[in-house]
Amino acid sequence: MQAGYDVIVVGGGHNGLVAANYLGRAGRRVLVLEKRATVGGAVTTEEVRPGFRFPTASVCGLFRHEIIEDLQLTRRGLAFLPFDPSVVALGDGGKALKIWRDVRKAQSEIVTFSTADAAAYAKFRSLMVRIARVIDPFLLSIPPSIESPGLGDGLFLFRRALRLRRLGKDAMFEALRIPFMSLRDVLGEWFETELLKASLALDGLFGVFRGPWSPFTAYGLIHHYMPEANGGAWTFIRGGGASLSNALAAAAQEVGVTIRTSAEVRKILSPDGRVTGVQLATGETIPARVVLSNADPKRTFLNLVDPVNLDADFLMRVRNYSSEGCVAKINIALDAAPQVPSVGDGGPVPPHFHVAPSLEYIERAYDDAKHGNISESPTLDVFVPSVVDPTLAPPGKHVMSVLVQYTPYRLKKGTWEDRREGLGERVLEILEPHVPNLRSALAGMEVVTPADLESRFGLSGGHIFHGEMTLNQQYVLRPVPGWGRYRTPVAGLYLCGSGAHPGGGITGAPGYNGAHAVLEDWPRLLAPS
């Protein structure tokens, strides 16, 4: 029977749309099916209160410039808005440390806390960027086959090894040891100022259900410097994530891709261990030769695929894939600009600031959560994107998004419905000493819990990255050992979401790589079963 489409993409998130674009450009007949009424998945913009539009994903710095250029996304209205300082670390007693993008300017702030730290900062940042540059080419490439590596795999890895060696002996050894260390140990070797160490640690720990004392957490530092390694920076998307998703959708439709929203996929059909199409929640069946799943691995293999086509060992590994989230999001609509006296009276509103005064503070927050409790004093990663993007709020008003860590998906006591209001109130209590006009300017607030992230966006366990970004779940091990190359045990089924290499964040890389895996296999996929 002739398939209705060559390829069906399950999920219209940004990675699914990227995959659809490259397959459409290659002449394949592609259908994208999105459960929600709009494309974008978790990368969109939502109007929580009339006139107040909140980006669901706060910042973007990792989206690949290769994809932007290939799909001509700037021509379609996509624009990135940089902000400076990159972050302001707010400490106890009115202390504030501005970390500017310019190294010398950052040093001029750090020196007021520690002369030694100011000198070390430039060397530290340079080292992180240099290590990140070695890793960067891995992101937009299909991991090598471990079982039977080809000549191309060997050459690619050899070039990476040479690049690592060219760092020089000292930097090379640092690159080899840092990913396996704890943030506390690495940052303790470089700095003495707790506020600086805590701010850097918070960047490295974002979305990771571990504390700074935990081993292997220092890998997050390298990940944080990836934008600089690729010639970019952490920025806001003008208009929020919807601008990116809409630009990707427009590019896809231009090359003939069909996009259906409000179309929930209930099953991926594979009666004989080979994909034949999908079935929607309405009962409609749509045939296709190939299916790419932009859903996370657990949703894909434990909900959409018939388990009869998956062996017990594979299912066990998928169930053990760590994907319980630890981040909640508080969206706050403000009738006036937030006042942050510690950065200077009458000065500009910082578009990004942290509330986490020390490494011990962060570790204590993690201690609460690892036992199933909402942190009594969580870390706060605060963004005010309307400072640089006034389109997000009415004139003179602002939107503030607070990423709250650590807030476990699975609570020891009560439910998130019971605890939601208390979390919002606690966040206001922590913020108010730093933003004294917060309550008087408050026009509305929405608390998005990990449970909400699961129900609203289909993120299993409410994990914003489709699973932990830890070394045991990266590269050839993501999502599970033996299946790190976008292919799956079901013939014709591929992954293209953040649960595949290189993981979460707004990168587009899993979609790009997943599409190219399909195109590599296309002659075999055309062969009769």
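Residues numbered from 1 in each chain as written. Predicted model: local features only at pLDDT ≥ 70, side-chain atom pairs only at ≥ 80, totals over all residues. Heavy atoms only, no water.

What to know about the overall build of the protein
Within the protein one finds 18 helices and 18 strands. Each principal axis of the C-alpha distribution contributes one length, and for the protein these read about 70 × 55 × 50 Å. Counting the 529 residues in the protein, one finds 59% classified as buried. Across the protein, every contact between residues at least 6 apart in sequence was considered, and the portion connecting residues at least 24 apart equals 73%. In the form shown here, the protein has an accessible surface area of approximately 20800 Å², with 52% of it arising from carbon and sulfur atoms. For the protein, the centre of its 55 positive side-chain charges and the centre of its 53 negative side-chain charges are spaced 5 Å apart. (Helix = DSSP H or I, 4+ residues; strand = E, 2+ residues; numbered from the N terminus. Buried < 20%, exposed > 50% of the residue type's maximum accessible area, 1.4 Å probe, protein only. Contact = heavy atoms within 4.5 Å. Areas by Shrake-Rupley, 256 points an atom, 1.4 Å probe, with all protein chains shown as cover. Lys, Arg positive; Asp, Glu negative; His and termini not counted. Charge placed at Lys NZ, Arg CZ, Asp CG, Glu CD.)

Things to note about the layout of surface pockets
Approximately 720 Å³ is the volume attributed to the second largest pocket. The wall of the second largest pocket is formed by 27 residues, among which Ile135, Phe138, Tyr219, Leu471 and Tyr475 lie closest to the centre. Elements represented by at least two residues in the lining of the second largest pocket include exactly helix H4 (115-139), helix H5 (151-165), helix H6 (169-177) and helix H9 (219-224). Among the elements that take part in the lining of the second largest pocket, H4 stands out by supplying five residues, more than any other. (1 Å grid on protein atoms, 1.4 Å probe; cavity = no way out; pocket = protein on both sides within 12 Å on 5 of 7 lines; lining within 4 Å. Points joined across faces, edges and corners; volume = space filled by probe spheres on them.)

Topic: the nonpolar core
Counting residues in hydrophobic clusters, the biggest one holds 88 residues, and the most contacted among them are Phe353, Met400, Val402 and Leu431. When neighbours within four sequence positions are excluded, Leu431 is seen to be in contact with Ile332, Phe353, Val355, Leu380, Val382, Met400, Val402 and Leu438. (Core = buried A, V, L, I, M, F, W, Y, C linked by side-chain atoms within 4.5 Å.)

Remarks on the state of the cysteines
Per the stated rule, a full pass over the model turns up zero disulfides. Take Cys60: it sits in no disulfide, and the sulfur closest to it among the cysteines is that of Cys496, at 18 Å. Taking relative accessible area as the criterion, Cys60 reaches 2% and is therefore assigned buried. (Disulfide = S-S within 2.5 Å.)

Description of helix H18 (residues 509-526)
For H18, with 18 residues, the first-to-last C-alpha span of 25 Å sits near the 26 Å given by 1.5 Å per residue. Along its length, H18 shows its largest kink, about 45 degrees, at Glu520, and proline Pro523 lies within four residues downstream of that point. Within the span of H18, buried status applies to Ala509, Pro510, Gly511, Tyr512, Asn513, Gly514, Ala515, Ala517, Val518, Asp521, Trp522 and Leu525. Turning to H18, the residues buried within the fold contact strand E1 (5-10), helix H1 (14-25), helix H2 (65-70), H4, strand E12 (285-293) and strand E18 (493-495). (Expected span 1.5 Å × (residues − 1). Bend = angle between axes of the 7 residues up to and from the residue.)

Let's talk about the environment of Val448
With respect to the helices and strands, Val448 occurs in strand E17 (residues 442-448). Note on Val448: relative accessible area 4%, which makes it buried. In this structure the C-alpha to C-alpha distance between Val448 and Val48, which are 400 residues apart in sequence, comes to 11 Å. Discounting residues that sit within four places of it in the chain, Val448 has contacts with Ala328, Lys329, Asn331, Leu453 and Arg456.

Side note on empty space enclosed by the protein
Using the criterion set out here, one finds three cavities of 30 Å³ or more in the structure. When its volume is computed, the largest cavity comes out at roughly 50 Å³. Along the walls of the largest cavity sit Leu202, Leu205, Phe206, Val327, Thr379, Asp381, Leu403 and Gln405, which together make up its complete lining. Looking at the lining of the largest cavity, the elements that each hand over two or more residues are helix H8 (194-205), strand E15 (379-383) and strand E16 (398-405).

Details of the sheet that holds E15
Read from one edge of the open sheet, seven strands run E7-E6-E14-E15-E16-E13-E17, paired in mixed fashion. Looking at which strands have only one partner, the edges of the open sheet turn out to be strand E7 (96-99) and E17. Going across the sheet, the axis of each strand differs from the next one's by a mean of 20 degrees, ignoring polarity. Relative to E16, strand E13 (residues 327-334) runs antiparallel, the two being bridged by eight bridges. Bridge pairing in E16 links Ile330 to Val402. (Pairing = 2+ DSSP bridges. Axes fitted to C-alpha atoms, helices over the stretch in contact; angles between N-to-C directions.)

Describing the pairing of E13
A regular strand places its side chains so that they alternate between the two faces of the sheet. Taking burial as the measure, the eight residues of E13 include eight buried ones, the bulk of the element. Residues Val327, Lys329, Asn331 and Ala333 line one face of E13 and the alternating positions Ala328, Ile330, Ile332 and Leu334 line the opposite face, and both faces are buried. Bridge count for E13 against E17 is six bridges, and the pairing is antiparallel. Bridge pairing in E17 places Ala333 opposite Gly444.

Digging into the packing of aromatic side chains
For any two aromatic rings, the description comes down to two numbers: the centre-to-centre distance and the angle of the planes. Throughout the structure, instances matching the rule amount to 13 aromatic pairs. A centroid spacing of 4.9 Å and a plane angle of 80 degrees characterise the contact between Tyr22 and Tyr512, whose relative ring orientation is edge-to-face. In this pair, Tyr22 sits in helix H1 while Tyr512 sits in helix H18, placing the two residues 490 residues apart along the sequence. Take Tyr22 and Tyr512: they sit in the same class, and that class is buried. On the numbers, 6.3 Å between centres and 80 degrees between planes, the contact of Phe124 with Tyr225 is edge-to-face. One end of the pair, Phe124, is in helix H4; the other, Tyr225, is in the loop between H9 and helix H10 (226-229), with 101 residues separating them in the sequence. Phe124 sits in the buried class, given a relative accessible area of 0%. By way of ring pairs, the aromatic residues Phe124, Trp190, Phe191 and Tyr225 are connected into one cluster. The ring of Phe83 carries the charged tip of Arg101 above its face, separated from the ring centre by 4.9 Å. A cation over a ring is seen here: Lys105 above Trp100, with NZ or CZ 3.8 Å from the ring centre. (Phe/Tyr/Trp six-rings, centres within 6.5 Å; stacked < 30°, edge-to-face > 60°. Lys NZ or Arg CZ within 6 Å of the ring centre and 35° of its normal.)

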